[in-house]
Amino acid sequence: MSILLSDAINVFFRILYLLIIVRVFMSWVPGAMFSSFGRLIYSLTDPVLGPVRRMMDKSPLGGGMMVDFSPVIALFILDIIQIILLYIVALF
(Lines give C-alpha, C1' and ligand atoms only; values in the text may rest on other atoms or scores of the structure.)
Protein backbone atom coordinates (compact mmCIF):
# COMPACT_ATOMS: atom_id res chain seq x y z
CA MET A 1 0.00 0.00 0.00
CA SER A 2 2.75 2.47 0.88
CA ILE A 3 4.53 1.76 -2.41
CA LEU A 4 1.39 2.59 -4.36
CA LEU A 5 0.88 5.79 -2.35
CA SER A 6 4.53 6.77 -2.80
CA ASP A 7 4.24 6.25 -6.54
CA ALA A 8 1.05 8.34 -6.64
CA ILE A 9 2.76 11.17 -4.74
CA ASN A 10 5.75 11.05 -7.09
CA VAL A 11 3.54 11.12 -10.20
CA PHE A 12 1.46 14.01 -8.82
CA PHE A 13 4.53 16.13 -8.10
CA ARG A 14 6.17 15.30 -11.45
CA ILE A 15 3.05 16.44 -13.29
CA LEU A 16 2.92 19.61 -11.21
CA TYR A 17 6.61 20.32 -11.90
CA LEU A 18 6.04 19.80 -15.61
CA LEU A 19 3.03 22.13 -15.62
CA ILE A 20 5.05 24.87 -13.92
CA ILE A 21 7.91 24.48 -16.39
CA VAL A 22 5.47 24.60 -19.32
CA ARG A 23 4.00 27.78 -17.84
CA VAL A 24 7.48 29.35 -17.63
CA PHE A 25 8.12 28.59 -21.30
CA MET A 26 4.65 29.85 -22.23
CA SER A 27 5.43 33.17 -20.55
CA TRP A 28 8.08 33.73 -23.22
CA VAL A 29 5.54 33.36 -26.05
CA PRO A 30 3.37 36.44 -26.55
CA GLY A 31 -0.33 35.67 -26.23
CA ALA A 32 0.16 32.02 -25.28
CA MET A 33 -1.68 32.45 -22.02
CA PHE A 34 -4.83 33.49 -23.89
CA SER A 35 -5.16 30.19 -25.75
CA SER A 36 -7.33 27.44 -24.31
CA PHE A 37 -4.21 25.40 -23.51
CA GLY A 38 -2.64 28.43 -21.84
CA ARG A 39 -5.71 29.09 -19.73
CA LEU A 40 -5.69 25.44 -18.63
CA ILE A 41 -2.01 25.58 -17.64
CA TYR A 42 -2.48 28.86 -15.80
CA SER A 43 -5.57 27.61 -13.95
CA LEU A 44 -3.70 24.45 -12.84
CA THR A 45 -0.58 26.29 -11.68
CA ASP A 46 -2.11 29.45 -10.17
CA PRO A 47 -2.99 27.73 -6.86
CA VAL A 48 0.72 26.99 -6.41
CA LEU A 49 2.34 30.09 -7.89
CA GLY A 50 -0.18 32.65 -6.60
CA PRO A 51 0.65 32.28 -2.89
CA VAL A 52 4.39 32.25 -3.65
CA ARG A 53 4.04 35.49 -5.65
CA ARG A 54 2.05 37.15 -2.86
CA MET A 55 4.68 36.05 -0.35
CA MET A 56 7.47 37.46 -2.53
CA ASP A 57 5.66 40.77 -3.04
CA LYS A 58 5.65 41.29 0.73
CA SER A 59 9.34 40.54 1.14
CA PRO A 60 11.90 43.34 0.85
CA LEU A 61 13.74 41.44 -1.89
CA GLY A 62 10.74 40.35 -3.95
CA GLY A 63 8.85 43.56 -4.57
CA GLY A 64 9.72 45.30 -7.82
CA MET A 65 12.05 42.65 -9.23
CA MET A 66 12.31 42.49 -13.00
CA VAL A 67 12.58 38.68 -13.06
CA ASP A 68 9.87 36.45 -11.62
CA PHE A 69 11.53 33.88 -9.37
CA SER A 70 8.25 32.49 -8.03
CA PRO A 71 8.38 29.32 -10.20
CA VAL A 72 11.85 28.48 -8.87
CA ILE A 73 10.79 29.06 -5.29
CA ALA A 74 7.55 27.12 -5.84
CA LEU A 75 9.49 24.15 -7.24
CA PHE A 76 11.79 24.25 -4.23
CA ILE A 77 8.84 24.35 -1.80
CA LEU A 78 7.07 21.55 -3.69
CA ASP A 79 10.23 19.46 -3.47
CA ILE A 80 10.32 19.90 0.30
CA ILE A 81 6.63 19.01 0.59
CA GLN A 82 7.16 15.91 -1.55
CA ILE A 83 10.06 14.75 0.62
CA ILE A 84 8.00 15.26 3.80
CA LEU A 85 5.02 13.38 2.38
CA LEU A 86 7.19 10.48 1.21
CA TYR A 87 8.82 10.33 4.65
CA ILE A 88 5.41 10.19 6.34
CA VAL A 89 4.25 7.45 3.97
CA ALA A 90 7.44 5.47 4.63
CA LEU A 91 6.74 5.54 8.36
CA PHE A 92 3.48 3.64 7.91
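Relevant structure appears above.
Residues numbered from 1 in each chain as written. Predicted model: local features only at pLDDT ≥ 70, side-chain atom pairs only at ≥ 80, totals over all residues. Heavy atoms only, no water.

Peer 1: Would you mind going over the nonpolar core in detail, with residue names and values included?
Peer 2: Counting 12 residues, the largest nonpolar core is built from Ile9, Phe13, Leu16, Tyr17, Ile20, Val48, Leu49, Val52, Met56, Ala74, Leu78 and Val89. When residues of this core are assigned to their parent elements, the largest contribution, five residues, is made by helix 1 (residues 2–26). With residues near it in sequence (within four places) discarded, Tyr17 still touches Leu75, Leu78, Asp79 and Gln82. One finds Met26, Ala32, Ile41 and Tyr42 within the second-largest nonpolar core, a separate group that totals five residues. (Core = buried A, V, L, I, M, F, W, Y, C linked by side-chain atoms within 4.5 Å. Buried < 20%, exposed > 50% of the residue type's maximum accessible area, 1.4 Å probe, protein only. Helix = DSSP H or I, 4+ residues; strand = E, 2+ residues; numbered from the N terminus. Contact = heavy atoms within 4.5 Å.)

Peer 1: So what's going on with the pattern of salt bridges? Residues and values would help.
Peer 2: This model, assessed by the stated rule, comprises two salt bridges. The partner of Asp68 in a salt bridge is Arg53, with the nearest N and O atoms 2.6 Å apart. Taken together, the residues Asp68 in the loop between helix 2 (36–58) and helix 3 (70–91) and Arg53 in helix 2 connect sequence positions 15 residues apart. (Salt bridge = Lys/Arg side-chain N within 4 Å of Asp/Glu carboxyl O.)

Peer 1: Outline the packing of aromatic side chains, listing residues and values.
Peer 2: Any two aromatic rings considered together are summarised by their centre-to-centre distance and by the angle between their planes. On inspection of all chains with the given rule, the structure shows three aromatic pairs. Both rings, one in Phe25 and one in Trp28, keep their centres 5.0 Å apart while their planes meet at 85°; by these two values the pair is edge-to-face. For Phe25, a relative accessible area of 48% corresponds to the partly exposed category. Grouping aromatic residues by their ring pairs yields a cluster made of Phe12, Phe13 and Tyr17. (Phe/Tyr/Trp six-rings, centres within 6.5 Å; stacked < 30°, edge-to-face > 60°.)

Peer 1: Just give me the short version of the side chain of Thr45, but keep the residues and values in it.
Peer 2: Looking at where Thr45 falls in the secondary structure, it is placed in helix 2. The residues touching Thr45, leaving out its near neighbours within four places in the chain, are Leu19, Ile20 and Arg23.

Peer 1: Quick one: what's the story with the packing of helix 1 against helix 3, residue by residue and with numbers?
Peer 2: The contact between helix 1 and helix 3 brings their axes to 10 Å, and the two run at 180°. Considered as vectors, helix 1 and helix 3 are oriented roughly antiparallel to each other. Of the residues in helix 3, those touching helix 1 at Ser2, Leu5, Ser6, Ile9, Asn10, Phe13, Leu16, Tyr17, Ile20 and Val24 are Pro71, Leu75, Leu78, Asp79, Ile81, Gln82, Leu85, Leu86 and Val89. (Axes fitted to C-alpha atoms, helices over the stretch in contact; angles between N-to-C directions. Parallel < 35°, antiparallel > 145°, perpendicular 65-115°, else oblique.)

Peer 1: Describe the environment of Ala74, listing the residues and the values that go with them.
Peer 2: Checked against the element boundaries, Ala74 lands in helix 3. Judged by its relative accessible area of 1%, Ala74 is buried. For the pair Ala74 and Phe37, spaced 37 residues apart in sequence, the C-alpha separation works out to 21 Å. If we ignore the near neighbours within four places in the chain, the residues touching Ala74 are Val48, Leu49 and Val52.

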